[in-house]
Each structure stands twice: as C-alpha cells, then as structure tokens.
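# Observations on the model geometry
Chain by chain, the residues run as shown.
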Amino acid sequence: MNKKFLIIEIVILLALTAVNIYLTLDRKESNKCMESCCVDTECYLSNAISLNDKQKQQYQKIKEKYQEQAMFIADSLHVTQESLMESLKKNNQDSLKIKEIEGEIAKYQTKLLDISVNQYNEIKSILTPSQIPALDKLFTQIFVCRPTCKTHTHIH
C-alpha cells in the first residue's frame, strides 16, 4: 500500500472519528435551540431533523446504545495513538512495532466508523420519508465534509 495513501486514509479516519465522538457525546449546542430544548442531549439532531416526541425518545435510546461503546473505543484509540507517538519519538524506531500500532489504530477507527454507520441506519429507521433528506444532509457533513471541507490543508 502506498505510504501517502495510508497517511491520507489515517487522516480521514481520524477526522471521521473525531466528528463521530463529537456527535455521539452530543456536546454541541445549536444556536437554533431553545434553552429548554438544549437541556436534552438530542437537541441538535432534533432540530436538524424535526423529531417528534416519540422519535426523540427513540433517538435517545439509539444514542445511549452507541455512546458507551464509542467512548470506550475512543479511549482505546487515544491510548494507542499515544503509544504510536512514543514509538515515533524514539531515535531507534522499531518499524514492525509502528506498523502493529498503526494496525491497532486503524482497527479502532474502523469500529468507530461502523458505529456511525449503524447509528445512521437506526436513526433513519425511525424517521418519516420526509425527514430522511435532513438526516442525509447532516451525515454528509460528518462522513464527507467535516472537517475537511473547511480546511485548505493538504498532505503531500
């Protein structure tokens, strides 16, 4: 596999991972939210897709289902990335160890991506056909754009 391609793939997976964790933990407060709505963790998605009360309850269950998994995997990913950095800092780098760590990182990133895809599909299953385009737009920002669409930095 081309090293440049591998680096680009890792950067993209890291970006997806960061966005997934960000959404999963639902820390983002939307300016569109009314203050009482923002007390609920599903505020951003609820407003973006216009969920009704039943859908909000269903979404909360879906989010809770994946949140703990994502947090555990994200913690493992972080620890593994720290291990990679420590290995890279060494004067006498062990290329086999670095490749092994890269594989672990990719494994965790893949798991986080799987969680995002599964979460998307479960959320989609509770929506009406008219709500699906809003979900698609939101997840397009996650899977395709964020954060790469807003940056002009490229890896060469």
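Going by the structure above, here's the rest.
If you're wondering where the values come from, they're calculated on a predicted model, not measured in any experiment. (Residues numbered from 1 in each chain as written. Predicted model: local features only at pLDDT ≥ 70, side-chain atom pairs only at ≥ 80, totals over all residues. Heavy atoms only, no water.)

### Description of the nonpolar core
If you look at the biggest cluster of nonpolar residues, it comprises 26 residues, and the most contacted ones within it are L45, I123, L127, L135 and F139. It is helix α4 (residues 95-125) that provides the largest number of residues to this core, a total of eight residues. If we ignore the near neighbours within four places in the chain, the residues touching L127 are I49, L51, Q55, I132 and L135. (Core = buried A, V, L, I, M, F, W, Y, C linked by side-chain atoms within 4.5 Å. Buried < 20%, exposed > 50% of the residue type's maximum accessible area, 1.4 Å probe, protein only. Helix = DSSP H or I, 4+ residues; strand = E, 2+ residues; numbered from the N terminus. Contact = heavy atoms within 4.5 Å.)

### What about the packing of helix α3 (residues 53-89) against α4?
It is at 9 Å that the axes of α3 and α4 come closest, and there the two elements cross at 165°. When the axis of α3 is compared with that of α4, the two are roughly antiparallel. Note on packing geometry: the crossing formed by α3 with α4 is left-handed. Partitioning the contact of α3 with α4 into residue classes produces 16 nonpolar, nine polar and six charged. (Axes fitted to C-alpha atoms, helices over the stretch in contact; angles between N-to-C directions. Parallel < 35°, antiparallel > 145°, perpendicular 65-115°, else oblique. Left-handed = near helix turned anticlockwise from the far one by under 90°. Nonpolar A, V, L, I, M, F, W, Y, C, P; charged D, E, K, R; others polar.)

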